Amino acid sequence: HAKDVGRNTYRFFADQMNFDNSEYLRLRTGLQRALERDEFLLHYQPQIDLQSGEIVGLEALVRWQPPALEIVPPGRFIPMAEESGMIVSIGAWVLQEACRQAAVWHRAGQTKLVMAVNLSAVQFKRGDLLQTVTEALTASGLPPSCLELELTESILISDTAKVLSMVDQLKELGVKLSIDDFGTGYSCLAYLKRFRVDRLKIDQSFVRHITTDPNDEAIVRAIVQLANSLGLKTVAEGVESEAALQSLISLGCDDAQGYYFARPMTAADAAAFLSNDKASPVPRAM
Ligand code: C2E
Ligand code: MG
Ligand code: MG
Ligand code: MG
């Protein structure tokens, strides 16, 4: 069970950690309790097809809501969850919840919607990712082709036989694969021919100043051309303005995601956004 996996990985990592750090201990205890008390939640951010203007997907982004405290963004606890190994059980919960929610929206008629879920390198090294993904799909009834797993370059450059075979097996399940934050990693493109990914997610650091920085525009153009030549789709992250959107359209980027369209939002707000064809940007949540 997910909780037991968490405890076992904790024991494994406990030997290697420096437990003098009380801040670390507090966060670690908090995360363990969060799993047991169901304090994690997902926000969803739409991805827009730039040709049709349709919502083609949603990225699930995890948050932590400790009782009576402010919501904690992933940047504040994912690194710790990775270091402690707890990301294995948190990640399993994220996969289950994201697939469950996507299946609900599919049954409500959003049958083309693809749910994107972030994976951490630790989930490839520890735990049984293949089984976790299979179970999330089976339990929810979501078609595998409607789940996209976002991999980071750090996962792909680790290049162990184990990662290679796991990515292959994930692909065999029929799920989609993308590379998150593309271009910020090790600029080692060799993995693009070894791993059968479907999409490159152009990192927001190149998108943010695309209209004013010619270098950023050149980089995005190169990524789109590279993706086209390899038969991959592109999605731009961090689209915040109409001007950035127009640039991306003219460069031939396929899809876009960013505050300009919508911020990550609760399931209820995302459902409203989905049912509202030409919804305006939703200025709330995180
Ligand atoms: P990411 O996967 O690259 O997700 C995109 C991040 O950019 C999200 O931050 C999102 O809220 C933010 N974002 C989206 N559009 C815009 C925009 O137009 N402008 C700006 N400035 N930011 C935008 P968030 O939700 O805080 O997540 C941060 C990172 O935490 C994610 O980056 C991902 O690496 C990680 N993360 C989130 N959820 C999970 C998860 O379930 N598992 C794992 N392993 N990592 C996760
Ligand atoms: Mg992502
Ligand atoms: Mg990203
Ligand atoms: Mg990022």
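Residues numbered from 1 in each chain as written. Chains lettered and ligands numbered in written order. Predicted model: local features only at pLDDT ≥ 70, side-chain atom pairs only at ≥ 80, totals over all residues. Heavy atoms only, no water.

1. Comments concerning the packing of helix H4 (residues 87-107) against helix H6 (residues 129-140)
The description of two helices packed together rests on the angle between their axes and the distance between the axes.
Link 1 in the chain: Interhelical geometry of H4 versus H6 gives an angle of 30 degrees and a closest axis separation of 8 Å. Between H4 and H6, the interaxial angle falls into the category roughly parallel. Helix-helix and strand crossings are classified by hand; for H4 and H6 the assignment is right-handed. Contact with H4, carried on its side by Ala-92, Leu-95, Gln-96, Cys-99, Arg-100, Ala-103 and Arg-107, involves Leu-129, Thr-132, Val-133, Ala-136, Leu-137 and Ser-140 of H6 and no other residues of that element.
Link 2 in the chain: When the residues that make up the contact of H4 with H6 are grouped by side-chain class, the tally is 8 nonpolar, 3 polar and 2 charged. (Axes fitted to C-alpha atoms, helices over the stretch in contact; angles between N-to-C directions. Helix = DSSP H or I, 4+ residues; strand = E, 2+ residues; numbered from the N terminus. Parallel < 35°, antiparallel > 145°, perpendicular 65-115°, else oblique. Left-handed = near helix turned anticlockwise from the far one by under 90°. Contact = heavy atoms within 4.5 Å. Nonpolar A, V, L, I, M, F, W, Y, C, P; charged D, E, K, R; others polar.)

2. Digging into the packing of aromatic side chains
Link 1 in the chain: Following the criterion strictly, the structure yields 6 aromatic pairs and no others.
Link 2 in the chain: Aromatic pair Phe-40 and Phe-77: ring centres 5.7 Å apart, planes at 40 degrees, arrangement tilted. One end of the pair, Phe-40, is in strand S1 (residues 40-49); the other, Phe-77, is in the loop between strand S2 (55-64) and helix H3 (78-84), and 37 residues separate them in sequence.
Link 3 in the chain: Residue classification places Phe-40 among the buried residues on the basis of a relative accessible area of 5%.
Link 4 in the chain: Summarising the aromatic geometry, the rings of Phe-40 and Trp-93 are spaced 6.4 Å apart at their centres and angled 45 degrees between planes, so their arrangement reads as tilted. Highlighted residues: Phe-40 in strand S1 and Trp-93 in helix H4, separated in sequence by 53 residues.
Link 5 in the chain: The exposure class of Trp-93 is buried, given its relative accessible area of 19%.
Link 6 in the chain: An aromatic cluster is built from Phe-40, Trp-64, Phe-77 and Trp-93, whose rings are joined through pairwise contacts.
Link 7 in the chain: Note that Arg-263 overlies the ring of Tyr-259, its terminal NZ or CZ placed 3.9 Å from the centroid. (Phe/Tyr/Trp six-rings, centres within 6.5 Å; stacked < 30°, edge-to-face > 60°. Buried < 20%, exposed > 50% of the residue type's maximum accessible area, 1.4 Å probe, protein only. Lys NZ or Arg CZ within 6 Å of the ring centre and 35° of its normal.)

3. A look at the site of ligand 1
Link 1 in the chain: Taken together, the neighbourhood of ligand 1 is formed by 23 residues, with Asn-118, Asp-180, Gln-204, Glu-240 and Tyr-259 sitting nearest.
Link 2 in the chain: Between ligand 1 and Gln-45, the relevant distance is 3.0 Å, taken from a nitrogen atom to a side-chain nitrogen or oxygen of the residue.
Link 3 in the chain: Considering ligand 1 on its own, with 800 Å² of exposed area, one finds that the protein chains cover 82% of that surface.
Link 4 in the chain: Of all the secondary structure elements, the ones that give two or more residues to the shell around ligand 1 are S2, H4 and strand S5 (176-182).
Link 5 in the chain: The biggest single contributor to the shell around ligand 1 is S2, with 4 residues.
Link 6 in the chain: Considered class by class, the residues forming the shell around ligand 1 number 10 nonpolar, 6 polar and 7 charged. (Near = heavy atom within 4 Å. Polar contact = N/O pair within 3.5 Å; in protein donor to acceptor, adjacent residues only side chain to side chain. Areas by Shrake-Rupley, 256 points an atom, 1.4 Å probe, with all protein chains shown as cover.)

4. Concerning the confidence of the model for the protein
Note: predicted coordinates in regions of low pLDDT should not be interpreted at a detailed level.
Link 1 in the chain: Across the protein, pLDDT averages 89, with 88% of residues at or above 70.
Link 2 in the chain: Here residues 6-16 is modelled with pLDDT under 50, and outside its nearest four sequence neighbours on either side it reaches 18 contacts, counting other chains as well.
Link 3 in the chain: Of the regions scoring below 50 in pLDDT, residues 278-286 engages in 23 contacts with residues more than four places distant in sequence or in other chains.
Link 4 in the chain: If you check the scores for this complex, the pTM reads 0.90 and the ipTM reads 0.98. (pLDDT = per-residue confidence, 0-100.)

5. Describing the coordination of the magnesium ion (ligand 2)
Link 1 in the chain: Donor atoms from the polypeptide that bind the magnesium ion (ligand 2) are Glu-59 (OE), Asn-118 (OD1), Glu-150 (OE) and Asp-180 (OD), placed at 2.0 to 2.2 Å.
Link 2 in the chain: Separating the magnesium ion (ligand 2) and the magnesium ion (ligand 3) is a distance of 3.9 Å, and Asp-180 donates to both of them. Residue Asn-118 is located in strand S3 (residues 114-118), and its partner Asp-180 is located in strand S5; the two are separated by 62 residues in the primary sequence. (Donors = N, O, S within 2.8 Å, 3.2 Å for Na, K, Ca; no water.)

6. Re the sheet that holds S5
Link 1 in the chain: Pairing in this closed barrel of 8 strands is mixed, and the strands run S1-S2-S3-S4-S5-S6-S7-S8 around the ring.
Link 2 in the chain: Where strand S6 (residues 199-202) lies against strand S7 (residues 233-236), 4 bridges are found, and the strand directions are parallel. Bridge pairing in S7 places Leu-200 opposite Thr-234.
Link 3 in the chain: Sitting on the sheet, helix H2 (residues 22-36) is in contact with S1 and S2, with an inclination near 125 degrees to S2.
Link 4 in the chain: Where H4 meets the sheet, its contacts fall on S1, S2, S3 and strand S4 (147-151), and the angle it forms with S1 comes to roughly 55 degrees. (Pairing = 2+ DSSP bridges.)

7. What to know about helix H8 (residues 161-173)
Link 1 in the chain: Between its first and last C-alpha atoms H8 spans 19 Å; for 13 residues at 1.5 Å apiece the expected length is 18 Å, and the two agree.
Link 2 in the chain: What H8 keeps buried is the set Val-163, Met-166, Val-167, Leu-170 and Lys-171. Buried residues of H8, viewed axially, fall in a sector of 140 degrees; they line one side. Turned more than 90 degrees away from the buried face of H8, the exposed residues are Ala-161 and Glu-172.
Link 3 in the chain: The positive-phi residue at the C-terminal boundary of H8 is Gly-174, with phi of around 100 degrees. (Expected span 1.5 Å × (residues − 1). Arc of directions from axis to C-beta.)

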